[in-house]
Amino acid sequence: MELYNSTLESGFILVGILTDSGSPGLLCTTISVLYTLALTSNGLLLVVITMDAWLHVPMYLLLSQLSLMDLMLTSVVIPKMLVDYLRGENAISFEGCALQMFLVLTLGGAEDLLLAFMAYDRYVAICHPLNYMVLMRPRICWLMMATPWTLAFLNSVIHTSYTMHFPFCMTREIRHLFCEIPPLLKLACADTSRYEFMVYVSGSIFLMPSLAAVLASYTFVLAAVLHMSSGEGRQKALFTCSSHLTVVGMYYGAAMFMYVQPSSHHSPQQDNILSVFYIVITPALNPLIYSLRNKEVMGAFRRVLGRFSLI
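Quick caveat, the model's predicted, so the values are computed rather than measured.

Cut-off values and rules
Positions within a chain are numbered from 1, following the residues in the order the chain's sequence is written. Restriction of local features to residues with pLDDT of at least 70 applies here, the model being predicted, together with a cutoff of 80 or more for giving and counting side-chain atom pairs; totals for whole chains, interfaces and linings are based on all residues. To get the side-chain values, take all heavy atoms of the structure and skip hydrogens and water. Cysteine sulfur atoms are paired as a disulfide whenever they fall within 2.5 Å. Only runs of H or I of at least four residues qualify as helices and only runs of E of at least two qualify as strands under DSSP, and these elements are numbered from the N terminus. In this scheme, a residue with accessible area under 20% of its type's maximum is buried, one over 50% is exposed, and one in between is partly exposed, where area comes from a 1.4 Å probe on protein chains only. A fitted line through C-alpha atoms serves as each axis, taken over the contacting stretch for helices, and the angle formed by two N-to-C directions is quoted from 0 to 180°. In what follows, roughly perpendicular refers to angles from 65 to 115 degrees, roughly parallel to angles under 35, roughly antiparallel to angles over 145, and oblique to any angle outside these ranges. Put simply, a crossing is left-handed when the front helix is turned counterclockwise from the back one by less than a right angle, and right-handed when it is turned clockwise. The criterion used for residue contact is that any of the two residues' heavy atoms lie within 4.5 Å. Each residue is assigned to one of three groups, with Ala, Val, Leu, Ile, Met, Phe, Trp, Tyr, Cys and Pro labelled nonpolar, Asp, Glu, Lys and Arg labelled charged, and all others, Gly among them, labelled polar. Using only the protein atoms, space was sampled on a 1 Å grid; points where a 1.4 Å probe fits but cannot get out form cavities, open sets with protein on both sides within 12 Å along at least five of seven lines form pockets, and lining residues are those with an atom within 4 Å of a point. Grid points are joined across faces, edges and corners, and a volume is the space filled by probe spheres set on the points. Being paired, for any two strands, means DSSP has found at least two bridges between them.

The full count for this structure, using the stated rule, is one disulfide. The disulfide that involves C97 links it to C179, with 2.1 Å between the sulfurs. Across the S-S bond linking C97 and C179, the dihedral sits near -125°, which makes this disulfide left-handed. Of this pair, C97 sits in helix α5 (residues 94-127) while C179 sits in the loop between β3 (173-174) and α8 (181-185), placing them 82 residues apart in sequence. Across the pair, exposure class does not vary: C97 and C179 are buried alike. Cysteine C28 is unpaired, with the sulfur of C179 as its nearest cysteine sulfur at 19 Å.

A few words on the packing of helix α3 (residues 24-51) against helix α11 (residues 268-291). Where α3 contacts α11, the axes come no closer than 8 Å and their chain directions differ by 40°. Considering the angle they form, α3 stands oblique to α11. Both α3 and α11 take part in a crossing whose hand is left-handed. When α3 is examined against α11, the residues I31, L34, Y35, L37, A38, S41, N42 and L45 are found in contact with a partner set consisting of V280, I281, P283, A284, P287, L288 and S291. Of the residues assigned to the contact of α3 with α11, the class counts are twelve nonpolar, three polar and no charged.

Scanning the entire structure with this criterion turns up two cavities of 30 Å³ or more. Where the lining of the largest cavity is concerned, the elements lending two or more residues are α5, α7 (138-164), α9 (193-226) and α10 (231-259). Considered class by class, the residues forming the lining of the largest cavity number ten nonpolar, six polar and two charged. If you go around the second largest cavity, the residues you meet are M59, L62, L63, M118, A119, D121, R122, Y218, H244 and Y290. Those elements giving two or more residues to the lining of the second largest cavity turn out to be α4 (58-87) and α5. A per-element tally of the lining of the second largest cavity places α5 first, with four residues. When grouped by side-chain class, the residues that make up the lining of the second largest cavity number seven nonpolar, one polar and two charged.

This next bit is on the sheet that holds strand β1 (residues 12-14). Backbone hydrogen bonds hold the strands of a sheet together, and the pairing may be parallel or antiparallel. With mixed pairing, three strands are arranged side by side in an open sheet as β2-β1-β3. The outermost strands of the open sheet, each flanked by one partner alone, are β2 (91-92) and β3. Here β1 runs beside β3; their pairing, made up of two bridges, is parallel. The residue bridging L14 from the neighbouring strand is I174, located in β3.

Structural data, given as structure tokens:
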């Protein structure tokens, strides 16, 4: 109990990917560039969708939520990690660790569900265009935007509270770039086997149906695309779908390895690399994949830029 109380008072030490890396300077620069790209691209996309009335349609409203989640998710982890590396201090308080875990679980879980809704939106738009305004009417759209936040918040409250109630007396060092359930459970001096199974079950419930919905939606979309008469349109649609599936695969793949894989198969190096994928790489790629080749978004960006130049 004394060791547990001392953890409450002194907190933890994050021994992350920069500490274990053979070239921490190069890795720090790379992550800084990716974070700057994620911050800039998601911030711009969020501003453009908010300010341009032409983009106030379900597809772009869902995309704005994705940008907001990515912006917040990467900002919860990366700035602290970079500042800690530059200052040579890796400490985080018990409360700060709990807050970081809560925010990462909320934002990551919400993004997981949102990607499924975005895939469904594309399925309806391409496979049922005449019924799009009925199936994606404003009430349904707002429900799609609110559901991921609500379910992820509830899931995060449960897991954060339960994880942080364990007595931590093994060591103060978390061999991870931020506070997350699998590495924290390794520090607990109580039996966590039942809770690890609960994490496995809840992770499967969150990730598997969403991934199945994404794959099913894009399967129908690809089937519809292959029947297009226009070769140029087919090629463009195939490129868009493959780009989306690449990013989705990276996100779901990393999350599933973290939360669905048995704890005995986890290693600090593997967990750190996987976390980098959904904390900084996918947030940097998402706005580029979803909007860079989109003429409507680029047109809206020019209109918004024109307004600012007039001001």
